[in-house]
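Each chain is listed here by its residues.
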Amino acid sequence: MGLKTLVPESLRPALRRGRERLLLSSLRAAVREQGLTEGVASHERAVQDLSDHYSDFRIDSEFLNYKVRAQQAFQVSLALATLAENPGAVVADIGDSSGAHAAALKAALPDGGHRFLSVNLDPEAIKRVRARGLEAELCRAEDLDSRGIRADVFLCFETLEHLSDPVNFLHRLSETSCRRLILTVPYVVNTRIGLHHVRGGLKKKVSPESVHLVEFCPGDLKVLAKHAGWAVESERIYRQYPLRSVLRSTRRIWRSWDFEGVYGLVLRPDRTWSSLYTGWT
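Remember, it's a predicted structure, so these values are computed and weren't measured experimentally.

(A) Examining the confidence of the model for the protein more closely. Model confidence for the protein is summarised by a mean pLDDT of 93, while 96% of its residues fall at 70 or above. Here residues 1-5 scores under 50 on pLDDT; set against residues more than four positions off or in separate chains, the count is three contacts.

Structure representation (structure tokens):
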């Protein structure tokens, strides 16, 4: 019997609110510690409303709003240097849910002359992106090549874990003329299979957006990226808890309830290892 089943139904909302207050404090301390405070503020100026960012749930609380905004501020910071070095680049955001990253990047680099294109298989996501006045294409991530979608820089934020064939996806991108791939995944200590609805015996319809298939740890992801035709240019970890505070104890809560944070890579094409493999399709 799990602990949740021992808690009376009437007390669960109060416990949830208490957990959210604690984790919000953890997030704010983590953002300060990792130098992302101004990034979060800039993101809020560029993207004032995040409530409809996802198709399967609304961001309807201070905690969820700050959680998503802080994560996106990290992702934007990961991409800024690369885009600043590539003015006028075509930037394709694979798996983009609402155009929020593009809006924040355009605001941070107003004179960069970048063209942003969002790609998603969800028609509702495409509507949200276009409502921001941005370009969007209805397309599966795995079908970019066959649809003729090209970019100088690809963004792939929290998308790889949703794909049924992440290895060939990474390889096909490496074979294009792109200069960089900026990638983030949930930060986990060990690579693991997701599919939590299967583990829990929940026989319900699920979508690619709502299900994680494989969650890669940093070491395994770097090996996979090299195999698929990439070299690691830089890497960073964003943690949702601080390291230099008593709130570091929230690490266990984050790990069991959500994720410790986000792991990010900046990759450049390099066929050193992919050219040795004969099984590419």
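From this point, the narrative continues.
(B) Representation of the environment of alanine 41. Among the structural elements, alanine 41 can be located in helix H3 (residues 37-46). In this structure, the C-alpha to C-alpha distance between alanine 41 and arginine 69, residues 28 residues apart in sequence, is 9.1 Å.

(C) Representation of the pairing of strand E2 (residues 115-120) within the structure. Counted residue by residue, E2 has five buried out of six residues, so it is predominantly covered. Both strand E1 (residues 90-94) and E2 contribute to a ladder of five bridges, which runs parallel. Bridging from a neighbouring strand, valine 90 pairs with arginine 115 of E2. Taken together, E1, helix H5 (residues 100-108) and E2 form a β-α-β motif whose crossover is right-handed. Bridge count for E2 against strand E3 (residues 135-138) is four bridges, and the pairing is parallel. Bridge pairing links serine 118 to alanine 136 in E3. Read as a crossover between parallel neighbours, the route from E2 over helix H6 (residues 123-131) to E3 is right-handed.

(D) Representation of the state of the cysteines in the model. Under the counting rule described, the total for this entry stands at zero disulfides. Between cysteine 139, a cysteine without a disulfide, and cysteine 156, which holds the nearest cysteine sulfur, the sulfur-to-sulfur distance is 13 Å.

(E) Representation of the sheet that holds E3 within the structure. Reading across the sheet, the seven strands line up as E3-E2-E1-E4-E5-E9-E8 and stay open at both edges, with mixed pairing between neighbours. Two strands lie at the open edges of the sheet, namely E3 and strand E8 (230-239), each paired on one side alone. With direction set aside, neighbouring strand axes in the sheet form an average angle of 20 degrees. As defined by bridge partners, strand E4 (residues 153-157) adjoins strand E5 (residues 180-187) across five bridges and the pair is classed as parallel. Bridging across to E5, cysteine 156 finds its partner in leucine 183. Docked against the sheet, helix H4 (residues 62-84) engages E1, E2, E4, E5, E8 and strand E9 (261-269), running at close to 160 degrees with respect to E5. Most of the contacts of H5 go to E2, to which it runs at about 170 degrees, and overall it touches E1, E2 and E4.

(F) Here's a closer look at helix H7 (residues 166-174). Extensive coverage of H7 is indicated by the burial of seven of its nine residues. Along H7, the residues that are buried comprise Pro166, Asn168, Phe169, Leu170, His171, Leu173 and Ser174. If you follow the buried residues of H7, they end up packed against E1, E4, E5, helix H9 (218-227), E8 and E9.

(G) Representation of the environment of threonine 176 within the structure. With respect to the helices, strands and loops of the structure, threonine 176 is situated in the loop between H7 and E5. Taking the C-alpha atoms as reference points, threonine 176 and arginine 150, separated by 26 residues in sequence, lie 7.3 Å from one another. Those residues within four positions of threonine 176 in sequence are excluded, and the remaining contacts are Phe154 and Arg271.

(H) Region of the structure containing H6. Inspection of H6 places Ala125, Ile126, Arg128 and Val129 among the buried residues, and these make up the whole buried set. Angular distribution of buried residues about the axis of H6 spans 160 degrees; they occupy a single face of the element. In this structure, H6 carries Lys127, Arg130 and Ala131 as exposed residues pointing more than 90 degrees from its buried face. Those residues of H6 hidden inside the fold are in contact with E2 and E3. Directly after H6, the chain includes glycine 133, whose backbone phi takes a positive value near 80 degrees.

Conventions and cut-offs
Residues numbered from 1 in each chain as written. Predicted model: local features only at pLDDT ≥ 70, side-chain atom pairs only at ≥ 80, totals over all residues. Heavy atoms only, no water. pLDDT = per-residue confidence, 0-100. Contact = heavy atoms within 4.5 Å. Helix = DSSP H or I, 4+ residues; strand = E, 2+ residues; numbered from the N terminus. Buried < 20%, exposed > 50% of the residue type's maximum accessible area, 1.4 Å probe, protein only. Pairing = 2+ DSSP bridges. Right-handed = clockwise from strand over helix to strand, strands pointing away. Disulfide = S-S within 2.5 Å. Axes fitted to C-alpha atoms, helices over the stretch in contact; angles between N-to-C directions. Arc of directions from axis to C-beta.

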